[in-house]
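Structural overview
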Amino acid sequence: MTNSIQPSSTRSRYDRDGWFRSPEVLGPDALARLTGRVEALAERDGPEVVYEKGSRVVRGIHGCHLFDDTCRRLVRLPALLGMAEQLLGEQAYVYQFKVNMKQPGEGAAWPWHQDFAFWSREDGMPADRAINIAVLLDEVHAGNGPLRVIPGSHRFGLFDSGAAGDAGEGDWHKHVSADLAHTVPDEVADKLAAESGTELVTGPAGTLYAFHPSIVHSSSNNLSADRRALLLVTYNAVSNAPLRLTRPEFLVGRDTSALTAVGSNSL
Ligand code: SIN
Ligand code: MN
């Protein structure tokens, strides 16, 4: 596994809270290169680019590591892959890669949900032994639709009442749109939030976070004048590959072999 700066106390904190802000950041050169690539990829004409409801405003771009060299390298940077391996305690591969753009005044909210509900019910992922690494491509503040997490909420299993394939065979749009297929009822999230509080995933561009597949999270509309592009790499433990492969490869990685880190965090 990749050597990393994470001591074991970091792992126990992550296990307790289900989220973690990395002391490492992506440098300005890497960030500029990545942001440039993402803006270019948003122009692609394929199903991996998803739009806000009823418009041509780009909501998300999926699977970029499959077709873009900068993104292919990004998932192998020690700051991302090393953190994922340390917190998972196992070698990992890329299960999912997405950039959610949240354009100024346009980016729609994501209701309370748990990512593992999608991966378990739609793909048959055996356990929540995956991890999201978030890269803030823009400065994220309280006003431009940051992720909001409920610390510790990953420890109670899944809260939705859905069953496998609830969104309907092939209807993966309900996994990436504002009308999410698997949500956590508001009253459940309100109760958890009243007990544990909530935290915002904010910071300057380049900030890195990790969060757990089962943590309850949401994000609000972006009513501000600032874009909130958030890049999310989901690493899955190599021992935890899903059983059902019905969704497209840009949503569920097919190459389950362990990744090897590159030598530096430059792009
Ligand atoms: C968001 O981009 O605001 C939400 C992303 C997610 O929940 O995966
Ligand atoms: Mn999510």
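Since the model is a prediction, treat every value here as computed from it, not as a measurement.

So, about the pattern of salt bridges. Close approach of charged atoms allows side chains of opposite charge to pair. Within the structure shown, the criterion is met by eleven salt bridges. Across the pair Arg129 and Glu90 runs a salt bridge, and its minimum N-O distance is 2.9 Å. Taken together, the residues Arg129 in the loop between helix H5 (115–123) and strand S6 (130–136) and Glu90 in the loop between helix H4 (78–88) and strand S4 (92–100) connect sequence positions 39 residues apart. Lys191 is the partner of Glu195 in a salt bridge, and the nearest nitrogen-oxygen pair spans 3.3 Å. Of this pair, Glu195 and Lys191 both sit in helix H6 (residues 186–196), four residues apart, which is roughly one turn of that helix. Using a relative accessible area of 56% as the deciding quantity, one classes Glu195 as exposed. Among the charged side chains, a salt-bridge network with shared partners connects Glu39, Asp138 and Arg227.

Once that is clear, we can look at the sheet that holds strand S10 (residues 217–219). The antiparallel open sheet is built from four strands, whose spatial order is S5-S10-S7-S8. One side of each edge strand has no neighbouring strand; the edge strands of this open sheet are strand S5 (110–113) and strand S8 (199–201). Neighbouring strand axes in the sheet, compared pairwise and without regard to direction, differ in orientation by 25° on average. Sheet topology places S5 next to S10; two bridges connect them, and they run antiparallel. Across the sheet, His113 pairs through a bridge with His217, a residue of S10.

Here seven strands make up an open sheet; going across it, the order is S1-S9-S6-S11-S4-S3-S2 and the pairing antiparallel. Edge strands, defined here as strands with exactly one partner in the open sheet, are strand S1 (19–25) and strand S2 (49–51). Going across the sheet, the axis of each strand differs from the next one's by a mean of 20°, ignoring polarity. Two elements, S4 and strand S11 (residues 230–237), share eight bridges in a ladder whose sense is antiparallel. Within the sheet, the bridge partner assigned to Ala92 lies in S11 and is Ala237. Contacting S1, S6 and strand S9 (207–211), helix H1 (residues 8–17) runs over the sheet at an angle of about 140° to S1.

Rules used throughout
Residues numbered from 1 in each chain as written. Chains lettered and ligands numbered in written order. Predicted model: local features only at pLDDT ≥ 70, side-chain atom pairs only at ≥ 80, totals over all residues. Heavy atoms only, no water. Salt bridge = Lys/Arg side-chain N within 4 Å of Asp/Glu carboxyl O. Helix = DSSP H or I, 4+ residues; strand = E, 2+ residues; numbered from the N terminus. Buried < 20%, exposed > 50% of the residue type's maximum accessible area, 1.4 Å probe, protein only. Pairing = 2+ DSSP bridges. Axes fitted to C-alpha atoms, helices over the stretch in contact; angles between N-to-C directions. Contact = heavy atoms within 4.5 Å.

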